[in-house]
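Inside the fold
This is what each chain is made of:
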Amino acid sequence: MAEPQAQPVAPQMRVLGQFIRDMSFENIMAQKGAPADVTPDVQVQVNLDAKKRSAENQYESSIKLKVTSKAKDGDATLFVLEIDYAGIFHIENVPDDQLHPFLLIECPRMIFPFLRRVVSDVTRDGGFPPLNLENIDFLSLYRNELARRQASEAPKMDA
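In this text, all values refer to a predicted model and were calculated from it rather than measured experimentally.

**Some points on the environment of R53**
In this structure, R53 sits in the loop between β2 (40-52) and β3 (58-71). Judged by relative accessible area, R53 falls into the partly exposed class, the value being 30%. It is 8.6 Å that separates the C-alpha atoms of R53 and I88, two residues lying 35 residues apart in sequence. Residue contacts for R53: discarding those within four places in its chain leaves Q58, Y59, E60 and I88. Of note is the side chain of R53, whose polar atom sits 3.1 Å from the side chain of E60.

**Focus: the nonpolar core**
In terms of nonpolar packing, the biggest core is built from 30 residues, with I63, L65, I91, L115 and V119 touching the most fellow members. Counting only elements with at least two residues in this core, the list comes to β3, β4 (77-92), α2 (96-125) and α3 (138-153). Of all the elements, α2 adds the most residues to this core, at 12 residues. Among all residues touching L115, those that are not within four sequence positions of it are I63, L65, I83 and Y85.

**A word on α2**
Between its first and last C-alpha atoms α2 spans 42 Å; for 30 residues at 1.5 Å apiece the expected length is 44 Å, and the two agree. By the largest-angle criterion, F102 marks the main kink of α2, which is about 50 degrees. Looking one or two residues beyond α2, the residue adopting positive phi is G127, at roughly 100 degrees.

**Quick word on the packing of aromatic side chains**
According to the stated counting rule, one finds 4 aromatic pairs in the structure shown. Seen from their ring centres, F112 and F138 are 5.9 Å apart, and the 70 degrees between their planes marks the pair as edge-to-face. Of this pair, F112 sits in helix α2 while F138 sits in helix α3, placing them 26 residues apart in sequence. Given the relative accessible area of 3%, F112 is considered buried.

**Focus on the packing of α2 against α3**
Following both chains from N to C, one finds α2 and α3 inclined at 145 degrees, their axes separated by 9 Å at the closest point. Here α2 and α3 pass one another in a crossing that is right-handed. Listed contacts from α3 to H100, P101, L104, I105, P108, R109 and F112 of α2 are F138, L139 and Y142. Its residues assigned to classes, the contact of α2 with α3 comprises 8 nonpolar, 1 polar and 1 charged.

**Examining the sheet that holds β2**
Ordered in space as β1-β4-β3-β2, the 4 strands form an open sheet in which the pairing is antiparallel. Of all the strands in the sheet, just β1 (12-27) and β2 have a single pairing partner and so form its edges. Strand-to-strand twist in this sheet, taken as the mean axis angle between neighbours without regard to direction, amounts to 15 degrees. Where β3 lies against β4, 13 bridges are found, and the strand directions are antiparallel. Directly across from S62, in β4, lies its bridge partner A86. Contacting β1, β2, β3 and β4, α2 crosses the sheet at an angle of about 135 degrees to β4.

**What about α3?**
In a regular helix each residue adds 1.5 Å, so 16 residues correspond to 22 Å; α3 covers 22 Å between its end C-alpha atoms and thus fits that length. Of the residues flanking the start of α3, the one acting as N-cap is D137, its side-chain oxygen 3.2 Å from the backbone nitrogen of L139.

Basis of the calculations
Once a new chain begins, its residue numbering starts again from 1 and follows that chain's sequence as written. Confidence filtering applies because this is a predicted model: local features only for residues at pLDDT of at least 70, side-chain atom pairs given and counted only at 80 or more, and all residues used for totals across whole chains, interfaces and linings. Think of the side-chain values as coming from all heavy atoms in the structure, minus any hydrogens and water. Helix and strand definitions follow DSSP, with helices as H or I runs of at least four residues and strands as E runs of at least two, each counted in order from the N terminus. Accessible area is worked out with a 1.4 Å probe on protein chains only. A residue is then buried under 20% of its type maximum, exposed over 50%, and partly exposed in between. Note on contacts: a residue pair qualifies if any of its non-hydrogen atoms lie within 4.5 Å across the two residues. Within 3.5 Å is the distance limit for a polar contact, defined as a pair of N or O atoms, with the added protein rule that one can donate a hydrogen and the other accept it, and that residues adjacent in sequence qualify only through two side-chain atoms. Only buried residues count toward a nonpolar core, which is a set of Ala, Val, Leu, Ile, Met, Phe, Trp, Tyr and Cys residues joined through side-chain atoms within 4.5 Å. Helix span, as expected, comes to 1.5 Å for every residue beyond the first. To get the bend at a residue, fit one axis to the 7 residues ending there and another to the 7 starting there, then take the angle between the axes. Any two rings among Phe, Tyr and Trp, with Trp reduced to its six-membered ring, count as a pair given centres within 6.5 Å; such a pair is stacked if its planes are under 30 degrees apart, edge-to-face if over 60, and tilted if neither. Between the N-to-C directions of two axes lies an angle of 0 to 180 degrees, each axis being a line fitted to C-alpha atoms and, for a helix, fitted only over the stretch in contact. In this scheme, a crossing is called left-handed if the near helix is turned counterclockwise away from the far one by less than a right angle; it is called right-handed if the turn is clockwise. When residues are grouped by polarity, Ala, Val, Leu, Ile, Met, Phe, Trp, Tyr, Cys and Pro land in nonpolar, Asp, Glu, Lys and Arg in charged, and all others, Gly among them, in polar. Two strands are said to pair when DSSP picks up at least two bridges between them.

Right under this line is the structure:
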């Protein structure tokens with residue numbers, strides 16, 4: 001008689017909390033008295049970070065954004081927003097070899113809608129039209145970072 005095969009246990013994730021670790025908003029346009037009728041060119045830089053917390057099965061994952069808005073016809077900076085937004089997660093049944101991508105893809109995906117809302121509110125309250133961030137492809141970000149690290153760690157060839 002064949003033994004029944006154990007069913008794989010599904011990964012479990014719960015968001016225990018989320019918070020703004022650090023935030024800075026500079027309304028440079030207002031400080032310099034620049035005209036308000038400029039067309040903005042918005043650039044967004046994204047960095048991800050994750051770490052194990054002291055409690056069992058708890059991890060922290062954070063999204064760090066730097067949003068720079070400049071005038072399209074000129075070099076004048078309108079505003080700069082820097083924000084470090086973190087989530088605390090309880091994660092179980094994720095194999096060790098899959099934990100790193102899970103923390104840098106799935107966890108940011110869970111907290112991103114809340115970060116998007118904060119960015120929208122801060123830019124609106126700062127005197128600009130609300131900035132509604134496009135969805136971020138965290139899988140592509142993760143793959144690009146892995147490729148960048150592999151390229152930088154590749155042995156250098158002397159010519």
